[in-house]
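Residue strings, one per chain:
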Amino acid sequence: MAKITWKTEDGKEISADVKDGLNLMEAAIANDVPDVDGDCGGCLSCATCHVFVDEAWLERTGEVDDIEDTMLEMTDVERRDNSRLSCQLIASPELDGLVLHVPAP
Ligand code: FES
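Bear in mind the structure is a predicted one, so any value in this text is a computation, not a measurement. (Residues numbered from 1 in each chain as written. Predicted model: local features only at pLDDT ≥ 70, side-chain atom pairs only at ≥ 80, totals over all residues. Heavy atoms only, no water.)

Trainee: Report on the sheet that holds strand S5 (residues 99-102), specifying residues and quantitative values.
Mentor: Ordered in space as S2-S1-S5-S3-S4, the 5 strands form an open sheet in which the pairing is mixed. The two strands at the open ends of the sheet, each matched to only one other strand, are strand S2 (13-18) and strand S4 (83-85). Mean inter-strand twist for the sheet, computed between neighbouring axes without regard to direction, equals 35°. Taken together, the 3 bridges between strand S3 (residues 50-53) and S4 define a ladder with antiparallel strand orientation. Its bridge partner being in S4, Phe52 is matched across the sheet by Ser83. (Pairing = 2+ DSSP bridges. Helix = DSSP H or I, 4+ residues; strand = E, 2+ residues; numbered from the N terminus. Axes fitted to C-alpha atoms, helices over the stretch in contact; angles between N-to-C directions.)

Trainee: How would you summarise the side chain of Asn23 if you had to cite specific residues and measurements?
Mentor: Turning to its location among the elements, Asn23 is positioned in the loop between S2 and helix H1 (24-30). In this structure the side chain of Asn23 is engaged in a polar contact, spanning 3.0 Å, whose partner is the backbone nitrogen of Met25. In this structure the side chain of Asn23 is engaged in a polar contact, spanning 2.9 Å, whose partner is the backbone nitrogen of Glu26. Ignoring sequence-local partners within four residues, the contact set of Asn23 consists of Ser86, Cys87, Leu89 and Ile90. (Polar contact = N/O pair within 3.5 Å; in protein donor to acceptor, adjacent residues only side chain to side chain. Contact = heavy atoms within 4.5 Å.)

Trainee: Now, about the environment of Met74: what can you tell me, with residues and values included?
Mentor: By secondary structure assignment, the location of Met74 is in the loop between helix H2 (66-71) and S4. Residues Met74 and Gly11 lie 63 residues apart in sequence; the distance between their C-alpha atoms is 25 Å.

Trainee: Please set out the pairing of strand S1 (residues 2-8) residue by residue, giving values where relevant.
Mentor: Extensive coverage of S1 is indicated by the burial of 5 of its 7 residues. Of the strand pairs in this sheet, S1 and S2 are connected by 6 bridges, and their pairing is antiparallel. Bridging across to S2, Lys3 finds its partner in Asp17. Linking S1 to S2, which pair antiparallel, is a turn of 4 residues; within it Gly11 sits at a positive phi near 90°. Pairing of S1 with S5 involves 4 bridges; the strand directions are parallel. Each residue of the ladder has a partner; that of Lys7, found in S5, is His101. (Buried < 20%, exposed > 50% of the residue type's maximum accessible area, 1.4 Å probe, protein only.)

Trainee: Could you give an account of unusual backbone geometry, with specific residues and numbers?
Mentor: A positive phi angle, close to 55°, is found at Asp32, a residue other than glycine. You can see Asp32 is positioned in the loop between H1 and S3. Of the residues examined, Asp32 reaches a relative accessible area of 65% and is grouped as exposed.

Trainee: Any chance you could break down the packing of aromatic side chains for me, citing the residues and the numbers?
Mentor: Taken as a whole and assessed by the stated rule, the structure comprises 0 aromatic pairs. Between Arg60 and the ring centre of Trp57, over which it is positioned, the NZ or CZ distance is 4.1 Å. In this structure, Arg80 is placed above the aromatic ring of Phe52, and the distance from its NZ or CZ to the ring centre is 3.9 Å. (Phe/Tyr/Trp six-rings, centres within 6.5 Å; stacked < 30°, edge-to-face > 60°. Lys NZ or Arg CZ within 6 Å of the ring centre and 35° of its normal.)

As structure tokens, then:
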């Protein structure tokens, strides 16, 4: 289980306890986080699950692989160094407390 917090650009904060193994796009949708769409269902072909990982958590969220890196070029909001596709972030005890910032389209 990991407590995940999504922060939106308009100042909303949504937190949820997410079961281990669930990806954070699915968790965002299940918790009505705005602007995380997950159009492709998590198969890395839409980039609509784009989030910015809070700087304090960058080391724990791991590396972007080549396919995710390519897809991050297709986000609506320009990618940053801390951009991730949240379908590639998997809940685990190591991510307990993770903060994600949701870019507004
Ligand atoms: S849900 Fe489509 S790339 Fe993440």
